[in-house]
Amino acid sequence: MEAHSDGAYCEWRGTLGYAAPEWSPYRGVKSVVDTKVDVFSLALTMLILLCGDQPFLCPTAMRQKLQEKNPRMDIKKFVYETMLSNGEFMIAHFLQQLAPKISDDLHALLKFMLQFDPKRRATIHEVIEHRWLNLNQTPAPAQLQQRSFVL
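What counts and what doesn't
- Residues numbered from 1 in each chain as written.
- Predicted model: local features only at pLDDT ≥ 70, side-chain atom pairs only at ≥ 80, totals over all residues.
- Heavy atoms only, no water.
- Helix = DSSP H or I, 4+ residues; strand = E, 2+ residues; numbered from the N terminus.
- Buried < 20%, exposed > 50% of the residue type's maximum accessible area, 1.4 Å probe, protein only.
- Core = buried A, V, L, I, M, F, W, Y, C linked by side-chain atoms within 4.5 Å.
- Contact = heavy atoms within 4.5 Å.
- Patch = residues over 30% accessible without salt bridge, like charges linked within 9 Å, V, L, I, M, F, W, Y side chains within 5 Å.
- Areas by Shrake-Rupley, 256 points an atom, 1.4 Å probe, with all protein chains shown as cover.
- Salt bridge = Lys/Arg side-chain N within 4 Å of Asp/Glu carboxyl O.
- Expected span 1.5 Å × (residues − 1).

A. Geometry of the environment of Arg-63. The residue Arg-63 is located in helix H2 (residues 60–69) in this model. You can call Arg-63 partly exposed: its relative accessible area is 34%.

Shown next, in the form of structure tokens:
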């Protein structure tokens, strides 16, 4: 990956259905991104794990129908442009439908992680410190609190 002076990277990798909106999948388009793209992707992954669905997946059956109607359709471009133009609404609607099934703390965390504006999106440190992840946490034994671990 090509590093910029601010530590961000520009080479796109991954699955479009899990990509943050600021990370363009198009060749020749340089996206200046930071670790907040990973926070966005993590939130979409959490949605899959928690409820088996997320707003930006294009199931095989839908993909086939779209290509039957227009064989020349670029599905990746369609999904990306739909995410850019309607993504905030899609996320808000998805979270609204999910809200009765999850705790208020989890809803708040997902909403914070899925902000379209990276400046308003949670950092990984804010995610780790969030109340939902620490609700039933018991204090670590004294031996562990004194050690530092390198991953």
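B. Quick peek at the nonpolar core. In this structure, Phe-40, Leu-47, Leu-110, Met-113 and Leu-114 are the most contacted members of the largest nonpolar core, which totals 31 residues. Breaking this core down by element, the ones donating at least two residues are helix H1 (36–51), helix H3 (75–98) and helix H4 (104–113). Top contributing element to this core by residue count: H3, with 8 residues. Once residues lying within four places of it in the same chain are set aside, the contact partners of Met-113 are Val-39, Phe-40, Leu-42, Ala-43, Met-46, Arg-121, Ala-122 and Val-127.

C. Focus on the side chain of Ser-41. Tracing the backbone through its elements, the reader meets Ser-41 in helix H1. With relative accessibility at 18%, the residue Ser-41 sits in the buried group. For Ser-41, the contacting residues outside a window of four places in its chain are Tyr-18, Ala-19 and Ala-20.

D. A nonpolar patch on the surface, seen in detail. A cluster of nonpolar side chains, Leu-42, Ile-124 and Ile-128, forms an exposed patch at the surface whose accessible area comes to about 220 Å². Along the polypeptide, Ile-128 turns up in helix H5 (residues 124–129).

E. Region of the structure containing H1. With 16 residues, H1 should cover 22 Å at 1.5 Å per step; its first-to-last C-alpha distance of 23 Å lies within 8% of that length. Turning to H1, its buried residues number three or more, namely Lys-36, Val-37, Val-39, Phe-40, Ser-41, Ala-43, Leu-44, Met-46 and Leu-47. Where H1 is buried, its residues meet H3, H4 and H5. Directly beyond the C-terminal end of H1, a positive phi value near 80° is found at Gly-52.

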